[in-house]
Each structure stands twice: as C-alpha cells, then as structure tokens.
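# Survey of secondary and tertiary structure
Each chain is listed here by its residues.
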2 protein chains.
Amino acid sequence: MTTTSAPADTARARVERAALELFASRGFDSVPADEVADAAGISRRTFFRYYPTKADAVWGDFGAHVARLDGLLRAAGPGRPVLATICAAYAEVNDYGDADLPVLRQRMRLILTEPALQAHSQLRYAEIDRVVAEHVARSTGEDPAGLLPRLVAASTRAAATTAFAAWLADDGSDLGRQLNRAFGELAGGFPGLGD
Amino acid sequence: MTTTSAPADTARARVERAALELFASRGFDSVPADEVADAAGISRRTFFRYYPTKADAVWGDFGAHVARLDGLLRAAGPGRPVLATICAAYAEVNDYGDADLPVLRQRMRLILTEPALQAHSQLRYAEIDRVVAEHVARSTGEDPAGLLPRLVAASTRAAATTAFAAWLADDGSDLGRQLNRAFGELAGGFPGLGD
DNA sequence: GAGGCTAGTGGCACCCAGTGCCACGGAGCA
DNA sequence: TGCTCCGTGGCACTGGGTGCCACTAGCCTC
C-alpha cells in the first residue's frame, strides 16, 4: 500500500523516507514530528503541511492508492464475479517490484504493530471500504450503504489485512498468494469449521 | 458493546454518562476532557486515571465485555460449528434490555461516526479479535496467529460491526436479527455475487 | 487516642500533536 | 523597480496525556 517506485527526491518523499526509517528504528511514539522534519530538512510547520498527521507520513500517497483501486474496480465492470474482482484488484494494487518490497514490509510492519498507527489505519481503511462498497453496489444494484455492500467491503478488507499480516510474518512468502488464500477461504464461507 | 445496566452512581459511571451526553450533543472533538471531568465532578487528572484516553470514556467497562465474550466462547467448547458459536456469543454479549438500548445506540453512533473514535475502536477490536482467534485455534488445532484464526476473527468482527451499523441506521430493527443476517451472508460465502 | 501507612485525589508542570496567524523571500510578471 | 503570489518558517495557542508531589481520609497498630 504505497506510491510508485519513482525515486523522486522531493521534500515529500524525503519526509516519508525519514519517517519510515526513524519510526522503524525507534518506535512511532518515541520520535517527535520535529525530528522527522529535521531529518527531511524542513520545518515542523511544513511537515504538517505535507502530511496532516504524523501517522499520514507513513502511508505516503495513499489517496492515489485508493484511486487506483477504484479505477480497477470500475474497469472490471459489473457482471464479473465480485469477490474475485476485488481480490484481483487488491493484488494488482499491491503488486510491487522486488526493489520496493523492503519499504512495503517496513511500512506494513509499522502500521500493523504500532498501536497509534493501527488506530489511524481504520480511517484509511474506511476510504477503501467506501470504494469497494460502491463496486458491490454497482454490481448488485443495491444501495452502497446497505448491509451487503458494507459487509463485503469490510470482510474483504479483513481478508486483505490478514493476508498482509501473514505475508509479513513469513519472510519468504508472496503477497499475492496470501491474498488468494485469504479470499479463497472467505469466498468458501470457511469450510471445515463445521457449520 | 457496553457494561451492564447497573445504575451505580460511582464516579466512573458519572464520567461515562457525562461523556456520552456531551460528545453526542457537541461532538467528540469539541468537548475537552476538562469539561467532561467537570461535569462528572472530578478533576481532569482523575479523569485520566479512570480512563486512559478520552476515547475510552465512551466504551465504559469494555474489558468486562471482552471477558464475557471469551467466557462464552470457552464455554461453547470445540466441536460445535464455529461461526454459529461466534455469532451467538456476539449476540448474547450485546443483548441489552430495552432500557439500555438508547445508551447503546448513543455509544455506537459515536463510535461509528466520530473519526477519532472510529480510529480508537481498532485498538478495542484487536482485543476481541484476539479472543475470537484463540477460540478458532482451539476448535481447529491451529496456531492462533495463523491465517485462518486471524481471518475468521477479522471477518466475523467485520460482520458484527456491519450489523451494528445496519441496526443503527434502522431505528426499528433488532440487533440480534442484523447479526444473524450478516453472519449468514458471511457463512454462505456471499452467494449471489457470481463467484 | 496518637502515630503511621495507604489509597484516592487534585494541582502543577511538562511534552507533544496539530493549527491559525503572520512575516519573509523568491519566482514570475508588468 | 515594484507587484503579486506561493511556499516556507516562526510563533503562540489549544488540548491530550503523564510524571511528580502534596493533601486527605480511612484504617491499622501499639
């Protein structure tokens, strides 16, 4: 869940790199925003102009990420199997080159383990859920605020984050494979649980 | 998701009531902790001894809630259908008398709509997920940190919060019924989506 | 009953996230 | 040269959260 691999030595990118590095080595709560700003060569005030909260610096250009997901879902159009489409879209949006994987791991490790970032993530996930729920609504003709679209959005997102956690816990594994496994279980209604 | 109906005019309970009332009427961010403390007749310092964060005041005694869920799941024991057990446990833990429903609505409306509380909720949900994942692990003999237990915990929780949202949006509806609907869809693997 | 221990409380000072306001400086243009 | 405009930095302020200390009420012991 990040931006492209464009090296781009913009101030924004420097902030993001400094944030990941500092937070990963010393913990999110132990590094004041001032220090990240210093490391990136800007003032604290400017830091908060680039990223509205300290947590946002970890997420990079997440808006573009959501927009990309939205584009893929809209492109898939209705009529195709919904869960499979969502899974494929998640996989494609999170398909990074080998060079970018370490950064992705660092980012996701922070987001999944640091409590403050874990909390913040809910707000970001809500953006994803909105986009996914709209796709389900388009596919089924329901109201995006109805139970089914919301439920599909929330549980596919649960599948995605679980896949991320599993990928993170296993150094050798492939993210796409974990996503497929998780979505497979979900789509099957969890067979083997005895219901 | 709250404590029992015990009226209990303890300072803790007064804080909780004042918090719900003030936050509901003026918004979570617009009410400083000082004011909640004042309204409950205690100092700001003492407020933060009762509740470690301002957000926690909204949740009441959530630890007891989680403990109750854990107890129900352990009591159900392995061998029973897992999703059905989880659904029943969620339903039972959230089965309030008519007198307490308005408070529950107020609480859940805050948690589901106020961004700061939405973010904070993730930390609370993590406690639930832990308990549910352990139950799945007991039932299947897997590692609680494995993909399936985590996935079941995350997606059942997604079902539960979605059910809450639907219940909240529809004044007349019954929470238990919404939970059953959501869990039914989940357990069926979302038929009718064309996968 | 006096002294002492303890738990709950309040006050104070501090750190830090985030924000509004203003001042500065450089780029572009007339 | 003067103008505007934009990005930046500094400053001060609000508010969440915490560590520290002082006070008090109860309770226990001698």
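For the structure itself, consult the block above.
Presented here is an overview of the structure given in this document. The structure presented is a predicted model; accordingly, all values stated were derived computationally and were not measured. (Residues numbered from 1 in each chain as written. Chains lettered and ligands numbered in written order. Predicted model: local features only at pLDDT ≥ 70, side-chain atom pairs only at ≥ 80, totals over all residues. Heavy atoms only, no water.)

The next subject is the interface of chain A and chain B. Counting residues at the interface gives 39 residues for chain A and 39 residues for chain B. Per-residue buried area on chain A facing chain B is highest for Leu147, Leu151 and Leu193 of chain A; these three make up 21% of the total on that side. One can count zero salt bridges joining chain A with chain B. There are zero residue pairs in polar contact (both at pLDDT 80 or more) connecting chain A and chain B. (Contact = heavy atoms within 4.5 Å. Buried area = accessible area lost by both parts, 1.4 Å probe. Salt bridge = Lys/Arg side-chain N within 4 Å of Asp/Glu carboxyl O. Polar contact = N/O pair within 3.5 Å; in protein donor to acceptor, adjacent residues only side chain to side chain.)

The immediate surroundings of DNA strand D are formed by 16 residues, with Thr46 and Arg49 of chain A together with Arg44, Arg45 and Lys54 of chain B found nearest. By atom count, sugar and phosphate contribute 44% of the portion of DNA strand D lying within 4 Å of the protein. Between DNA strand D and arginine 44 of chain B there is a distance of 2.3 Å, counted from a base nitrogen to a side-chain nitrogen or oxygen. Contact distances for DNA strand D include 2.5 Å between a base oxygen and a side-chain N or O atom of arginine 45 of chain B. Sorting elements by how many residues they give to the surface near DNA strand D places helix H3 (residues 44-50) of chain A first, with four residues. Its residues assigned to classes, the surface near DNA strand D comprises seven nonpolar, three polar and six charged. (Near = heavy atom within 4 Å. Helix = DSSP H or I, 4+ residues; strand = E, 2+ residues; numbered from the N terminus. Nonpolar A, V, L, I, M, F, W, Y, C, P; charged D, E, K, R; others polar.)

Below, the discussion takes up the pattern of salt bridges. Residue and element names in this part refer to chain A. Applying the stated criterion across every chain yields a total of 20 salt bridges over all chains. A salt bridge links glutamate 134 to arginine 74; its shortest N-O distance comes to 3.8 Å. Here arginine 74 lies in helix H5 (residues 62-76) and glutamate 134 lies in helix H8 (residues 115-140), a separation of 60 residues in the sequence. Taking relative accessible area as the criterion, arginine 74 reaches 46% and is therefore assigned partly exposed. Its salt-bridge partner being aspartate 171, residue arginine 105 comes within 3.6 Å of it at the nearest N-O pair. Taken together, the residues span a long stretch of sequence, with arginine 105 in helix H7 (residues 101-113) and aspartate 171 in the loop between helix H9 (147-169) and helix H10 (175-187) at a distance of 66 residues. The network of salt bridges with common partners includes Asp70, Arg74, Arg130 and Glu134. (Buried < 20%, exposed > 50% of the residue type's maximum accessible area, 1.4 Å probe, protein only.)

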